[in-house]
Amino acid sequence: MTPAVLKELASPERAAKLGAAPNFPKYAPTLQYAMDNFAREAKAGIRYGMGTDSGPTARFPGYFAHWELELMVKAGVTPMQAITAATSANAEFMGARDIGTVAPGKWADLLVLDRDPTADIRNTRAIDAVYIAGNKVPTIWQTCTGRAADACGPRP
């Protein structure tokens with residue numbers, strides 16, 4: 001996100017406009033309804049994956065994936081079940097045999113975390129290093145080097 005987008009998202013005018021929308025009061029109960037349904041489905045053994053609906057205005061790929069993992073855990077699955085949904089279960093749903101788990105011959109995309117996500121799913125945000133196809137790539141904090149001090153926010 002650029003500093004301009006962050007500024008727009010934090011603006012009181014934007015918050016007031018969203019809060020005044022006729023459907024705004026329905027969002028919280030709708031989210032709770034969706035979480036309750038997910039919990040029932042998971043408990044019943046229905047297979048599930050993870051996939052945020054990033055794309056609409058003010059939803060950003062990556063960022064909202066962490067929040068979705070958190071919501072899954074709040075709905076009742078364990079942190080490991082949420083992580084498995086985002087990795088091997090999603091790969092299985094797509095029929096992708098070369099991704100989803102760490103194993104010889106598989107594509108190596110990895111997040112190296114500073115804290116244990118099985119202890120607290122919010123620890124998925126504590127990213128120390130990122131590897132894509134086995135190659136280390138810059139983290140968001142490294143990408144933000146040289147930007148204004150408030151452009152990227154504090155490291156979790």
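Everything discussed here concerns the structure shown above.
Numbers given for residues are sequential positions, taken from 1 along each chain in its written order. Local features in this predicted model are restricted to residues of pLDDT 70 or higher, and side-chain atom pairs are both shown and tallied only at a pLDDT of 80 or more, whereas totals for entire chains, interfaces and linings draw on every residue. As a rule here, side-chain values cover all heavy atoms of the structure and leave hydrogens and water aside.

Okay, unusual backbone geometry next. Even without being glycine, alanine 133 reaches a positive phi, approximately 55 degrees. As for its position among the elements, alanine 133 is in the loop between strand E2 (127–132) and strand E3 (135–137). Each residue is assigned to one of three classes by its accessible area relative to the maximum for its type, calculated with a 1.4 Å probe on protein chains only: buried under 20%, partly exposed between the two thresholds, exposed over 50%. Relative accessible area serves as the criterion here: at 32%, alanine 133 is assigned to the partly exposed category. Helix numbering and strand numbering both begin at the N terminus, where a helix is a DSSP run of H or I of at least 4 residues and a strand a DSSP run of E of at least 2.

Once that is clear, we can look at the environment of lysine 106. In this structure, lysine 106 sits in the loop between helix H5 (79–94) and strand E1 (110–113). Assessed through its relative accessible area of 27%, lysine 106 is described here as partly exposed. Residues lysine 106 and glycine 134, spaced 28 residues apart in sequence, show a C-alpha to C-alpha distance of 9.9 Å. With residues near it in sequence (within four places) discarded, lysine 106 still touches Arg97, Asp98, Ile99 and Thr101. By definition in these notes, contact holds between two residues if any of their heavy atoms fall within 4.5 Å.

Patch definition: residues above 30% relative accessible area lacking any salt bridge, with like charges linked at up to 9 Å and the nonpolar side chains Val, Leu, Ile, Met, Phe, Trp and Tyr linked at up to 5 Å. Per-residue and other accessible areas follow the Shrake-Rupley method at a 1.4 Å probe size, with only the shown protein chains counted as cover for residues. Each reported salt bridge corresponds to a side-chain nitrogen of Lys or Arg within 4 Å of a carboxyl oxygen of Asp or Glu. A surface patch of nonpolar side chains, about 320 Å² in accessible area, is lined by Leu18, Phe24 and Tyr27. Mapped onto the elements of the fold, leucine 18 is located in helix H2 (residues 12–20). Given the relative accessible area of 40%, leucine 18 is considered partly exposed.

Turning next to the environment of alanine 34. Relative to the assigned elements, alanine 34 resides in helix H3 (residues 27–43). Residue classification places alanine 34 among the partly exposed positions, given a relative accessible area of 41%.

To continue, consider the pattern of salt bridges. Scanning all chains against the criterion turns up four salt bridges. Two residues, aspartate 120 and arginine 122, come together in a salt bridge whose shortest N-O distance is 2.7 Å. Here the residues in one salt-bridge network are Glu70, Lys74 and Arg125, joined through shared partners.

This next bit is on the nonpolar core. If you look at the biggest cluster of nonpolar residues, it comprises 12 residues: Met35, Phe38, Met50, Ala65, Leu69, Leu71, Met72, Ala75, Val77, Ala82, Ala85 and Ile121. For this core, the secondary structure elements donating two or more residues are H3, helix H4 (63–75) and H5. Here this core gets five residues from one element, more than from any other, and that element is H4. Residue contacts for leucine 71: discarding those within four places in its chain leaves Leu31 and Met35. Side-chain atoms within 4.5 Å link the members of a nonpolar core, which is a set of buried Ala, Val, Leu, Ile, Met, Phe, Trp, Tyr and Cys residues.

Right, let's get into the environment of tyrosine 131. Locating tyrosine 131 in the fold gives a position in strand E2. With 20 residues separating them along the chain, tyrosine 131 and leucine 111 place their C-alpha atoms 6.5 Å apart. Setting aside residues up to four positions removed in sequence, tyrosine 131 forms contacts with Ala108, Asp109, Leu110, Val112 and Lys136.

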